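The residues making up each chain are set out below.
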Amino acid sequence: MKVFNVAIMGLGTVGGGAYRILTENHDEIMRNHGVDVRVKRVLDLRTERFAQFGVPEGVGTTLVDDVINDREIDAVIEVMGGIEPALTFILRALKSGKNVISANKELIAKKWPAIDAAARENGVGFYHEASCVGGVPVIRVLNESFQGDKLESVKGIINGTTNYILSKMSFDGTSYDEALRQAQKLGYAEADPTADVEGFDAAYKLSILSSLAFKTCIPYSCISREGITGVTQEEIGYAKQMGYSIKLLAIGSKEGDKVEARVHPTAVKNTHPLAVVNDEFNAVMLRGDNVGNVMLYGKGAGAQPTGSAIVSDVVYCAKRSTPLYPPFNNDGKIDENIEFVTDPYSNYFVVLSVKRGDADDILNVFAGDDRLLKEYKYDMKTETLLMVTKHMAQSAIEAVLRSVKDKAGVKMFRKAVC
Ligand code: HSE
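Note that the coordinates shown come from a computational prediction; the quantities given were computed from them, not determined experimentally.

Parameters and conventions
- Residues numbered from 1 in each chain as written.
- Predicted model: local features only at pLDDT ≥ 70, side-chain atom pairs only at ≥ 80, totals over all residues.
- Heavy atoms only, no water.
- Helix = DSSP H or I, 4+ residues; strand = E, 2+ residues; numbered from the N terminus.
- Buried < 20%, exposed > 50% of the residue type's maximum accessible area, 1.4 Å probe, protein only.
- Near = heavy atom within 4 Å.
- Polar contact = N/O pair within 3.5 Å; in protein donor to acceptor, adjacent residues only side chain to side chain.
- Areas by Shrake-Rupley, 256 points an atom, 1.4 Å probe, with all protein chains shown as cover.
- 1 Å grid on protein atoms, 1.4 Å probe; cavity = no way out; pocket = protein on both sides within 12 Å on 5 of 7 lines; lining within 4 Å.
- Sits in = over half its atoms within 2 Å of the grid points.
- Nonpolar A, V, L, I, M, F, W, Y, C, P; charged D, E, K, R; others polar.
- Salt bridge = Lys/Arg side-chain N within 4 Å of Asp/Glu carboxyl O.
- Pairing = 2+ DSSP bridges.
- Contact = heavy atoms within 4.5 Å.
- Points joined across faces, edges and corners; volume = space filled by probe spheres on them.
- Domains from an automatic or database assignment.
- Right-handed = clockwise from strand over helix to strand, strands pointing away.

## A closer look at unusual backbone geometry
Thinking step 1. Looking along the chain, the bond that leaves E84 and enters P85 is cis, with omega of 10 degrees.
Thinking step 2. Summarising the element assignment, P85 is placed in the loop between β4 (75–78) and α5 (86–95).
Thinking step 3. In this structure, K215 takes a positive phi of about 55 degrees despite not being glycine.
Thinking step 4. Within the secondary structure layout, K215 lies in the loop between α11 (200–214) and β8 (224–225).
Thinking step 5. Residue class for K215 comes out partly exposed when judged on its relative accessible area of 43%.
Thinking step 6. If you check the backbone angles, E383 has positive phi at about 55 degrees while not being a glycine.
Thinking step 7. Following the sequence through the fold, E383 ends up in the loop between β15 (373–379) and β16 (384–389).
Thinking step 8. When its relative accessible area of 23% is taken as the criterion, E383 is described as partly exposed.

Laid out in C-alpha cells, this is it:
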C-alpha cells in the first residue's frame, strides 16, 4: 500500500475541515483508493488549535522548516490564505520536491505563473480544487472533461458569503449587517469579508475558472468587478415584483478572440437555474459549443465542503504518476489576439420613476416598437416603471436613459439574466 505523507499549513476553518476528513476517513480512503494518507505535520502559530482539533503531540509545529526539511512529506496543503507568507512557503515546498495543494484563490489569481513555473521546474504538482466553488469539483471537470468542446462561457454564483447574505435579505428580510455577521459565524466569509462583499473573491475565482475554460490567461486585473454593498432591500423588492432575484454573478465568455469577464449583482429571472441557488450554495454553468450548458451545483463555502475538495486533491495527487499542469501558457501575459470587451452586452433591469402624465411618452421610447424591452410593468400608485431590456450594449441603454432623463429618474439599473 502506498503511504502518502502530507503536512497541513494553517489550522483555520478549511485546514481544520481537511484535517478532520483526512483523519476520520483515513481507513475508508485507504480501502476505496488504495492510498494510506498520513498527516505527518500540522503547521500553525496558534498552538491552542492543536488540542482543539486533536492533533497528536509531535505532529503540530510552529516551524515551517519542520515541514520543508522533512523528506518524507509528499505533499503540503496550504490553507493559510493571503499572499505572504503563503507564497514563500509554497515556493519553498515546491523547490524541495513536494507537491502542493492549495485553497488560496487570491494567491493563485495573483501569483499563479510563479507557482506554476516552480512546480514545472521541480517536476511536482500544484493542485487547487478547493480554490473555487468549495466542494464542487469544477476544476477537475474543467481539466478533465469537455475534450470534444470549445468552452464559450463560464457563468455562476461562486461566492458563498454573498449568496448567503442576498438570500437572507431576500427571504427573511434580514439586514445586510446581520446577514454578514451570520455568514462570518458560519465560517463562510474570508478573514476580511471585504474580499467577499466587494466581489474580489469571486473575481479571483473567475480568473482561475475562465483561464482553465478558455485555455488562455485571463488575468484577475482584467475582470470588471462590483460587489453587493450597494444592493438595497428596495432593489430586491423591485426584482421580486418582476419575478427576478438579485444574485452576485461571475460571468466569463469567449467568442472568437473577444473575452468578457465580469462580476456584479445581477437580476436573475426566477425561471433561470441560477435563481434557485440560495444560501451558501454555489453553481457554475459551463457552456460548450457541442455539449451546450452543463451545470455544477453544491456548497461553495464552509469547513467540510472545502475540506472535502482538499482531500480529493490529496488522493488525486497521490494516485497520479505524473503531475498535471494547466493547459495554457501560464505566464501571466494576455495572449496578443485576445481583446477584452469593455462595453458589455446584456439584458438590463431598469426601474424608473415616471409621473403618470409622462408614462405613455416614456413607454413609447422603450416599448413603442418593441425595440428595447422584453417585459415591463408600470405601477400607477407609486409611479414606477419596471423594465427588463432585450440583449444590448450597455452604452446603448445608457444613451436611451440619458435621452429621457428629464422625465424619468433612475431608481435601479442592473444587468439581468433571463
Ligand atoms: N469566502 C468564500 C466564499 C469561501 O464565501 O465563497 C469559499 O471560497
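## Regarding the site of the ligand
Thinking step 1. Inspection of the region around the ligand gives K105, N159, G160, T161, Y188, A189, E190, D196, D201, K205, G300 and A301 as its neighbouring residues.
Thinking step 2. The side chain of E190 places a nitrogen or oxygen atom 2.6 Å from a nitrogen atom of the ligand.
Thinking step 3. With the chains in place, 94% of the 250 Å² that the ligand exposes on its own is no longer accessible.
Thinking step 4. Among the detected pockets, the ligand sits in the largest pocket.
Thinking step 5. For the shell around the ligand, the per-class residue count stands at 3 nonpolar, 4 polar and 5 charged.

## Here's the deal with the pattern of salt bridges
Thinking step 1. For the structure shown, the criterion picks out 22 salt bridges.
Thinking step 2. A salt bridge links R181 to E178, with the shortest nitrogen-to-oxygen separation between them at 3.3 Å. Of this pair, R181 and E178 both sit in helix α9 (residues 176–185), 3 residues apart, which is roughly one turn of the helix.
Thinking step 3. By relative accessible area, which is 48% here, R181 ends up partly exposed.

## What about the pairing of strand β2 (residues 35–43)?
Thinking step 1. Among the 9 residues that make up β2, 7 are buried, leaving the element largely enclosed by the rest of the structure.
Thinking step 2. Bridge count for strand β1 (residues 2–9) against β2 is 8 bridges, and the pairing is parallel. Within β2, the position partnered with N5 by the bridge is R38.
Thinking step 3. Across 2 bridges, β2 lies against strand β3 (residues 60–61) in parallel orientation. Counted as the bridge partner of V42 is G60 from β3.

## A look at the side chain of K168
Thinking step 1. Structurally, the position occupied by K168 is in helix α8 (residues 160–171).
Thinking step 2. Taking the relative accessible area as the measure of exposure, K168 reaches 18% and is therefore buried.
Thinking step 3. In contact with K168, other than residues within four places in its own chain, are G173, T174, A179, Q182 and D279.

## Some details on empty space enclosed by the protein
Thinking step 1. For the structure shown, the criterion picks out 2 cavities of 30 Å³ or more.
Thinking step 2. The volume enclosed by the largest cavity comes to roughly 150 Å³.
Thinking step 3. Taken together, 15 residues form the lining of the largest cavity, with F126, Y127, H128, N143 and L324 sitting closest to its centre.
Thinking step 4. No other element matches helix α7 (residues 138–144), which puts 3 residues into the lining of the largest cavity.

## Details of the domain arrangement of the chain
Thinking step 1. Structurally, the chain comprises domain 1 (2–134 + 313–319), domain 2 (151–299) and domain 3 (345–417).
Thinking step 2. Centre-to-centre, using C-alpha coordinates, domain 1 lies 52 Å away from domain 3.

## Side note on the side chain of D116
Thinking step 1. Residue placement: D116 occurs in helix α6 (residues 105–121).
Thinking step 2. There is a polar contact of 3.1 Å between the side chain of D116 and the side chain of N330.
Thinking step 3. Those residues in contact with D116, other than ones at most four positions away along the chain, are Y325, P326 and N330.

## A short note on α5
Residues spaced three or four apart along an α-helix face the same direction, because each turn holds 3.6 residues.
Thinking step 1. Where burial is concerned, most of α5 is hidden: 7 out of the 10 residues are buried.
Thinking step 2. Looking at α5, one finds that the buried residues are A86, L87, F89, I90, L91, A93 and L94.
Thinking step 3. Just downstream of α5, G97 is the residue with a positive phi angle, here 85 degrees.

## Structural notes on the environment of G156
Thinking step 1. By secondary structure assignment, the location of G156 is in strand β7 (residues 151–157).
Thinking step 2. Taking the C-alpha atoms as reference points, G156 and V277, 121 residues apart in sequence, are found 9.6 Å from one another.
Thinking step 3. Other than its neighbours up to four places away in sequence, G156 contacts L248, L249, A250, L274, A283 and V284.

## Some thoughts on the sheet that holds strand β6 (residues 126–127)
Two orientations exist for strands paired in a sheet by backbone hydrogen bonds: parallel and antiparallel.
Thinking step 1. Read across the sheet, 6 strands follow the order β3-β2-β1-β4-β5-β6 without closing on themselves; strand pairing throughout is parallel. Edge positions in the open sheet fall to β3 and β6, since each of these has one partner strand only.
Thinking step 2. Summarising the sheet, β1 and β4 pair through 4 bridges and their orientation is parallel. The residue bridging M9 from the neighbouring strand is E78, located in β4.

## Comments concerning the pairing of strand β5 (residues 99–102)
Thinking step 1. Burial along β5 is two-sided: N99 and I101 and V100 and S102, pointing in opposite directions, are all buried.
Thinking step 2. Across 4 bridges, the pairing between β4 and β5 is parallel. Paired with I77 across the two strands is I101, which belongs to β5.
Thinking step 3. Handedness of the crossover joining β4 and β5 through α5 is recorded here as right-handed.

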